[in-house]
Amino acid sequence: MELGYDPLWDEQGRLRRGCTVREALTWMTAFGDRTAGESVCINGVGYKIGRLLYGPERPAVADKPISHVYDGYYSQLNFSV
């Protein structure tokens, strides 16, 4: 993975089709934008990023494609899948 490639947004600033929650969060944590201890909200349910990426019982929602990104309070990530 390289810094110049963002799996979530394309060159025109539109959401990339097919980007999964795990792909987006892996990129964000690799380049220092987010940490594994932060929370993310997916379809109204809160998860720790580390659980979605590294947990032994990773929720199935981690491998679903993102359909929409919402602005959240205090910079919390909010996705719909």
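Conventions used here
- Residues numbered from 1 in each chain as written.
- Predicted model: local features only at pLDDT ≥ 70, side-chain atom pairs only at ≥ 80, totals over all residues.
- Heavy atoms only, no water.
- Helix = DSSP H or I, 4+ residues; strand = E, 2+ residues; numbered from the N terminus.
- Rg over C-alpha atoms; globule rule 2.2 N^0.38 Å.
- Buried < 20%, exposed > 50% of the residue type's maximum accessible area, 1.4 Å probe, protein only.
- Contact = heavy atoms within 4.5 Å.
- Areas by Shrake-Rupley, 256 points an atom, 1.4 Å probe, with all protein chains shown as cover.
- Pairing = 2+ DSSP bridges.
- Axes fitted to C-alpha atoms, helices over the stretch in contact; angles between N-to-C directions.
- Phe/Tyr/Trp six-rings, centres within 6.5 Å; stacked < 30°, edge-to-face > 60°.

**Student:** When you look at the overall build of the chain in this model, what are you seeing that I'm missing?
**Tutor:** A tally of regular secondary structure across the chain gives two helices and four strands. Tracing the chain from N to C terminus, the helices and strands come up as α-β-β-α-β-β. Scaling as 2.2 N^0.38, a compact globule of 81 residues should have a C-alpha radius of gyration of about 12 Å, and the chain matches this with 12 Å. Considering only C-alpha atoms, the chain reaches an extent of 35 × 25 × 25 Å along its principal axes. Counting only residues that meet the buried cut, the chain has 38% of its 81 residues in that class. Considering only contacts within the chain whose residues lie at least 6 apart along the sequence, 47% involve residues at least 24 apart. Looking at the chain as shown, the accessible area adds up to about 5200 Å², and 50% of this sits on carbon and sulfur atoms.

**Student:** Please clarify how the sheet that holds strand 2 (residues 45-48) should be interpreted in this entry.
**Tutor:** Adjacent strands of a sheet form backbone hydrogen bonds with each other and so pair up, either parallel or antiparallel. Strands sit in the order 2-1-4-3 across an open sheet of four strands; the sheet is mixed. Edge strands, defined here as strands with exactly one partner in the open sheet, are strand 2 and strand 3 (68-70). Between one strand axis and the next, the sheet turns through 30 degrees on average, direction left out of account. With four bridges joining them, strand 1 (residues 39-42) and strand 2 adopt antiparallel strand pairing. Paired with Ile42 across the bridge in strand 2 is Val45.

**Student:** Honestly, the pairing of strand 4 (residues 77-80) in this entry has me stumped. Any pointers?
**Tutor:** Taken residue by residue, a regular strand's side chains alternate between the two faces of the sheet. What you see with strand 4 is no split at all: Leu77 and Phe79 on one side and Asn78 and Ser80 on the other are buried throughout. Where strand 1 meets strand 4, three bridges bridge the pair, whose relative direction is parallel. Paired with Val40 across the bridge in strand 4 is Leu77. Relative to strand 4, strand 3 is paired through three bridges, and the arrangement is antiparallel. Within the sheet, the bridge partner assigned to Tyr70 lies in strand 4 and is Asn78.

**Student:** Where do I start with the packing of aromatic side chains in this structure?
**Tutor:** Given two aromatic rings, one states the distance between the centres and the angle between the planes to describe the pair. Counted according to the given criterion, the structure contains one aromatic pair. With centroids separated by 5.4 Å and ring planes inclined at 55 degrees, the aromatic side chains of Trp27 and Phe31 adopt a geometry described as tilted. On the basis of relative accessible area, Phe31 is assigned to the partly exposed category, the value being 34%.

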